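Each chain, written out:
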Amino acid sequence: LISFSVNGQHVSLEVDPSTPLLWVLRENLGLTGTKYGCGIAQCGACTVHLDGETIRSCVASVSRAAGKEVTTIEGLSPDLSHPLQRAWIAEDVPQCGYCQSGQLMSAAVLLREKPRPSDEDIDDAMTGNICRCGTYPRIRKAIHRAAAMMTAGGAK
Amino acid sequence: MSALQMKRREFLRVSVAASGGLLIGLYLPGANQLAAADEPSSTVFMPNAFLRIGTDNRVTVIVNHSEMGQGVYTALPMLLAEELDADWNKIAYESAPVDPKYNHPVFGMQITGGSSSVWSGFEQYRNAGAAARAMLIAAAAQQWNADPSTLRAESGVVIDGTNRKLTYGQLAEAAAKMKPPEKVTLKDPKAFKLIGTPVKRLDTPEKISGKAVFGIDVKNSGMLSAVVARAPVFGAKIKSFDDSRARNMPGVRKVVAVPSGVAVVADSFWQAKVARDAIRIDWDEGAMHAFNTSQMMQQFREQAKSPGKSVRRDGDPDAALANAAQKIEAVYEVPYLSHLMMEPLNCAVDLRADSCEIWTGTQFQTVDRAAAAKAAGLPNEKVQIHTTFLGGGFGRRATPQSDFVVEAVHVAKAAGAPVKVVWTREDDMQGGWYRPAFLHAIVGGVDASGNPVGWRSRLVGQSIMAGTMFESIMMKGKEYDPASVEGVDDLPYEIPNLAVESHQAEVGVPVQWLRSVGHSHTGFATECFIDELAGLTHKDPYQFRRALLTKHPRHLAVLDLAAEKAGWGKPLPQGRARGIAVHFAFESYNAQVVEVSITDGKVRVHRIVSAVDCGHYVNPGIIAAQLEGGAIFGASAALFQELTFERGRLQQTNFHTFPVMRMNECPEIETHIVESNEKSGGIGEPGVPCTAPAIANAVFAATGKRIRKLPIRMTEAV
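Residues numbered from 1 in each chain as written. Chains lettered and ligands numbered in written order. Predicted model: local features only at pLDDT ≥ 70, side-chain atom pairs only at ≥ 80, totals over all residues. Heavy atoms only, no water.

## Concerning the overall build of chain B
- Within chain B one finds 21 helices and 27 strands.
- Relative to the globule expectation of 27 Å for 718 residues, the C-alpha radius of gyration of chain B, 27 Å, shows essentially globular dimensions.
- Projecting the C-alpha coordinates of chain B onto the three principal axes gives extents of approximately 80 × 70 × 50 Å.
- Here chain B, with 718 residues, has 65% of them falling under the buried criterion.
- Long-range contacts, defined here as pairs at least 24 residues apart, represent 76% of the contacts in chain B between residues at least 6 apart.
- For chain B, the exposed surface amounts to about 25,600 Å²; the carbon and sulfur share of it is 50%.
- Taken together, the 76 basic and 75 acidic charged side chains of chain B have centroids lying 1 Å from each other. (Helix = DSSP H or I, 4+ residues; strand = E, 2+ residues; numbered from the N terminus. Rg over C-alpha atoms; globule rule 2.2 N^0.38 Å. Buried < 20%, exposed > 50% of the residue type's maximum accessible area, 1.4 Å probe, protein only. Contact = heavy atoms within 4.5 Å. Areas by Shrake-Rupley, 256 points an atom, 1.4 Å probe, with all protein chains shown as cover. Lys, Arg positive; Asp, Glu negative; His and termini not counted. Charge placed at Lys NZ, Arg CZ, Asp CG, Glu CD.)

Structural data, given as structure tokens:
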């Protein structure tokens with residue numbers, strides 16, 4: 001039995017401990033917002049937070065989560081109120097949308113660590129997240145916008 | 001402007017691009033008429049197949065094209081809401097079921113492709129909205145005992161001269177009893193309130209909360225997961241397989257042979273995947289066992305030495321080239337490419353004795369349904385496809401053979417249970433249906449004053465249409481595939497003696513349309529070569545193009561706009577240089593100016609300025625996004641991407657060996673739209689073809705070396 005918390009809720013599961021966290025989230029817990037893109041930590045579509053830090057859940061076995069806190073896109077905010085989500089809407093970021101959960105989860109940690117990120121900071125934090133539709137210019141703008149909103153005290 | 005008013009040649013071009021224009025569809029009488037709704041309802045107003053209005057004032061627009069990132073769930077509702085005078089905040093979208101009433105009005109089947117969704121729906125969706133509006137006004141007139149002509153509609157409300165109001169929701173029930181109008185009057189474009197404005201995409205909230213359902217997310221109760229072991233070499237057949245380990249693995253329900261390989265059906269994807277990897281298969285590798293791409297390109301080079309089938313011939317190219325003051329010969333090569341959608345292929349099937357339900361992200365509903373019905377042994381009407389969001393399409397999910405759908409039906413049949421087949425990234429990349437590799441051998445000459453006098457393009461590559469259900473239509477009366485030569489057969493430059501010839505290569509690699517199809521290579525070859533001709537006599541490549549485009553004002557306008565906005569000719573920081581390209585594709589004109597620098601043999605793209613004329617446009621925000629995405633798609637191919645085969649096996653497996661441009665490599669991108677009242681053109685694909693040649697031409701400006709092969713490697717520059 002592996003126990004951990006997901007988006008603030010305690011879960012206990014009987015599952016092969018070597019199963020990647022990604023598939024436990026998607027299939028055992030029904031949290032399909034986290035996506036499968038490559039399975040080898042190359043594309044970032046599966047990015048979630050483990051105790052507040054980004055991990056690629058496609059290569060992290062579920063046993064790594066034991067006793068820890070996992071946050072997925074479904075837990076970023078209950079109502080699209082996270083500054084990044086508001087900025088994503090304002091900049092009309094997503095196209096197909098498949099990579100966006102991972103993009104947002106990577107950007108959320110960036111903003112927590114660097115509330116006013118430079119373009120270089122954005123490159124460093126976001127280069128592991130591939131977008132095949134090419135939404136990078138808008139992601140960059142949206143991160144700057146969210147940072148400005150947070151500095152202005154528009155959101156916590 | 002109605003698609004039906006387009007000229008025949010344009011139809012042909014669009015059809016080729018769209019992967020499947022059934023030209024007969026074009027001439028079906030009444031193709032543009034509104035189909036009737038399925039279920040008339042008293043509480044809900046459903047005046048036609050394209051919308052529903054509830055008593056809660058919600059207007060649900062039924063979209064007959066697949067949302068794969070290009071914005072149809074916003075742009076098509078905008079067209080309808082404009083004529084309905086709806087409250088934009090009350091608009092919802094829904095994907096259409098498979099039904100002939102949702103057929104593409106030009107292609108005659110349900111399909112998303114060829115950058116055609118918005119122009120093909122331009123009148124269809126406006127008509128649907130206008131008809132509903134007339135019925136709502138008629139219902140209000142009846143209620144108020146008023147003359148309908150004294151009433152107006154605004155933002156979801158009907159209003160009379162005394163400012164009495166009834167909302168569309170309040171009128172829904174009564175409107176459902178009104179007779180649909182015989183004829184509707186569409187707004188004068190000058191009166192548009194929504195069309196032409198950068199309305200925010202409707203699907204963003206779903207896509208930033210994890211709620212959007214893609215095919216891979218579909219999970220119905222009792223649905224199992226399957227992963228398939230497929231042939232390592234195209235055309236290989238199974239001799240025997242050993243599934244003894246796989247069968248006993250946890251969660252595994254069944255291991256079954258299907259036409260495409262061996263499928264493991266398990267409780268979860270991961271269990272199925274682990275067990276799949278444990279199957280040992282002995283393959284008869286067949287004719288492709290020794291295939292390798294470097295030998296193939298060598299054969300292409302040999303083939304290009306002899307004349308191909310004539311596609312176009314103006315004047316006397318042989319004499320003109322023989323007498324030219326200066327001549328240049330160049331061979332351009334582009335590799336096989338994978339579509340590489342972020343969401344790998346998948347398909348969920350619930351097959352019963354007398355029905356088959358399918359959930360998948362497809363661009364090709366009509367074709368997939370027919371293929372699934374055949375595989376299931378059911379009549380077409382017993383098969384329904386639920387189109388989910390597509391995590392990218394780029395043409396891969398419009399497969400004439402319906403490979404991923406048909407396979408899933410076979411797996412469901414063998415499994416005897418509802419099942420979702422999911423492809424791993426490696427399965428997806430190695431599964432075929434690539435953009436074909438192509439070679440262009442071009443000879444061009446100029447006279448003593450540097451004016452081009454002759455040009456001969458010889459293309460060698462596989463046909464996309466050959467062997468498909470579209471061959472008989474698209475290649476009728478032709479000895480070549482129009483999808484191979486689109487973009488060079490209509491070379492706009494004023495060159496009096498021109499020959500375009502095509503060699504159709506026979507190679508056993510499955511090929512298919514990839515975003516911008518033939519233009520993805522013809523744009524590269526022609527726009528690099530025109531630059532080389534300019535270079536012959538040291539002319540400015542922008543001015544050189546201008547002088548040859550005097551009869552093509554729309555080409556000229558985008559070229560000028562891109563050059564002006566990019567500051568063509570103005571000084572740049574040390575080490576940077578600019579390149580330019582212009583191309584017409586999918587009824588739209590695009591020009592790009594690109595800035596690059598080269599460090600340690602690595603090309604860095606700093607800035608792309610892209611200008612488009614796509615005729616009368618609907619949503620400039622979505623157009624800008626498509627131009628940005630198109631340029632990044634083109635830059636990825638130009639800088640990084642190549643599929644190669646050795647001993648019949650694809651050498652690339654995943655993103656590390658077939659890279660996509662990343663955030664730290666992404667240039668600044670600026671987009672500009674030409675104001676136009678010409679008929680609407682495409683936007684999903686036209687932004688791709690110019691990027692690679694503009695980068696290559698910038699590399700020449702920076703280094704004096706020509707790029708003739710993609711992806712760009714400075715060691716191969718000449």
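Read on, since the account is not over.
## Quick word on the interface of chain B and chain A
- With 54 residues of chain B in contact, the opposing surface of chain A contributes 48 residues.
- Buried surface at the junction of chain B and chain A, both sides included, amounts to about 4,400 Å², of which 60% is carbon and sulfur.
- Contact with chain A buries area across many residues of chain B, yet Ile208, Met342 and Met663 of chain B alone supply 21% of it, more than any other trio.
- On inspection of chain B and its partner chain A, the count reaches 3 salt bridges.
- The closest approach of N and O atoms between Arg26 of chain A and Asp217 of chain B, which form a salt bridge, is 2.9 Å.
- For the pair chain B and chain A, the number of links is 26 residue pairs in polar contact (both at pLDDT 80 or more).
- For the side of chain B that touches chain A, the secondary structure elements donating two or more residues are helix H7 (204-207), helix H9 (269-277), helix H14 (425-430) and helix H20 (620-639) of chain B. (Buried area = accessible area lost by both parts, 1.4 Å probe. Salt bridge = Lys/Arg side-chain N within 4 Å of Asp/Glu carboxyl O. Polar contact = N/O pair within 3.5 Å; in protein donor to acceptor, adjacent residues only side chain to side chain.)

## With respect to the packing of aromatic side chains
All names here are of chain B.
- This model, assessed by the stated rule, comprises 25 aromatic pairs over all chains.
- Ring geometry for Tyr73 against Phe389: centres 5.5 Å apart, planes inclined by 50 degrees, an arrangement best described as tilted. Here Phe389 lies in the loop between strand E17 (383-387) and helix H13 (403-415) and Tyr73 lies in helix H3 (residues 72-84), a separation of 316 residues in the sequence.
- We classify Tyr73 as buried; its relative accessible area is 4%.
- Look at Phe389 and you get buried, because its relative accessible area is 5%. (Phe/Tyr/Trp six-rings, centres within 6.5 Å; stacked < 30°, edge-to-face > 60°.)

## Comments concerning the pattern of salt bridges
Residues and elements named next belong to chain B.
- Under the counting rule described, the total for this entry stands at 54 salt bridges over all chains.
- Here Arg649 and Glu285 are joined by a salt bridge, their closest N and O atoms 2.6 Å apart. Note that Arg649 is positioned in strand E26 (residues 649-650) and Glu285 in the loop between strand E12 (280-284) and helix H10 (293-303), a separation of 364 residues in sequence.
- Using a relative accessible area of 21% as the deciding quantity, one classes Glu285 as partly exposed.
- Three or more residues are tied together by salt bridges with common partners; here these are Arg230, Lys273, Arg276, Asp277, Glu407 and Asp427.

## Quick look at the sheet that holds strand E15 (residues 346-351) of chain B
Residue and element names in this part refer to chain B.
- What the 7 strands build is an open sheet, ordered E10-E11-E8-E18-E15-E16-E17; its pairing is mixed. Pairing within the sheet leaves two strands with one partner each, and these edge strands are strand E10 (252-258) and E17. Here the strands of the sheet are splayed against their neighbours by 20 degrees on average, with no regard to which way each runs. (Pairing = 2+ DSSP bridges. Axes fitted to C-alpha atoms, helices over the stretch in contact; angles between N-to-C directions.)

## Quick notes on the pairing of strand E21 (residues 497-504) of chain B
All names here are of chain B.
- Burial analysis of E21 places 7 of its 8 residues in the buried class, the great majority of the element.
- Inspection of the sheet shows strand E13 (residues 309-314) paired to E21 by 5 bridges, in the antiparallel sense. Within E21, the position partnered with Arg312 by the bridge is Val500.
- When strand E20 (residues 452-461) meets E21, the two strands line up parallel, connected through 8 bridges. Paired with Arg456 across the two strands is Ala499, which belongs to E21.

## Topic: helix H5 (residues 124-144) of chain B
Residue and element names in this part refer to chain B.
- Between its terminal C-alpha atoms H5 stretches 31 Å, which fits the 30 Å expected from 21 residues at 1.5 Å a residue.
- For H5, the buried fraction is high: 16 of the 21 residues fall into the buried class.
- Asn145 sits one or two positions beyond H5 and adopts a positive phi of about 55 degrees. (Expected span 1.5 Å × (residues − 1).)

## Remarks on the side chain of Ser57 of chain A
Residue and element names in this part refer to chain A.
- With respect to the helices and strands, the residue Ser57 is situated in the loop between strand E4 (53-56) and strand E5 (69-71).
- A distance of 2.7 Å separates a polar atom in the side chain of Ser57 from the backbone oxygen of Cys46.
- In contact with Ser57, other than residues within four places in its own chain, are Pro20, Leu21, Leu22, Thr34, Cys46 and Val48.

## As for the sheet that holds E13 of chain B
Residues and elements named next belong to chain B.
- Strand order in the open sheet formed by 5 strands is E13-E21-E20-E19-E14, with mixed pairing between adjacent strands. The open sheet has two edge strands, E13 and strand E14 (326-334), and neither has a second partner. Strand-to-strand twist in this sheet, taken as the mean axis angle between neighbours without regard to direction, amounts to 10 degrees.
- On top of the sheet, H10 reaches E14, strand E19 (438-446), E20 and E21; it is set at about 35 degrees to E19, its chief contact.

## As for the nonpolar core
- Grouped together as the largest cluster of nonpolar side chains are 266 residues, with contacts concentrated most on Trp88 and Ile143 of chain A together with Leu84, Tyr336, Ile358 and Ile695 of chain B.
- It is H5 of chain B that contributes the most residues to this core, 10 residues altogether.
- The residues contacting Trp88 of chain A, other than those within four sequence positions of it, are Val93, Pro94, Gln100, Gln103, Leu104, Ala107, Ile139, Ala142 and Ile143 of chain A together with Thr204 and Ile208 of chain B.
- Counting 17 residues, the second-largest nonpolar core is a separate cluster that includes Ile2, Leu21, Leu50 and Ile55 of chain A. (Core = buried A, V, L, I, M, F, W, Y, C linked by side-chain atoms within 4.5 Å.)

## Here we look at the environment of Ala525 of chain B
All names here are of chain B.
- Here Ala525 is to be found in helix H17 (residues 519-536).
- Under the relative-accessibility criterion, Ala525 is labelled buried at 0%.
- Counting along the chain gives 192 residues from Ala525 to Glu333, while the straight-line C-alpha distance between them is 8.3 Å.

## Thoughts on the confidence of the model for chain B
All names here are of chain B.
- Summary statistics for chain B give a mean pLDDT of 93 and a share of 94% for residues scoring 70 or more.
- Low confidence marks residues 1-34, where pLDDT is under 50. Its contacts with residues over four positions away, or in another chain, come to 89 contacts.
- Here residues 38-42 is a poorly scored stretch, pLDDT under 50, and it has 4 contacts once near neighbours within four places are set aside; other chains count.
- If you check the scores for this complex, the pTM reads 0.95 and the ipTM reads 0.97. (pLDDT = per-residue confidence, 0-100.)

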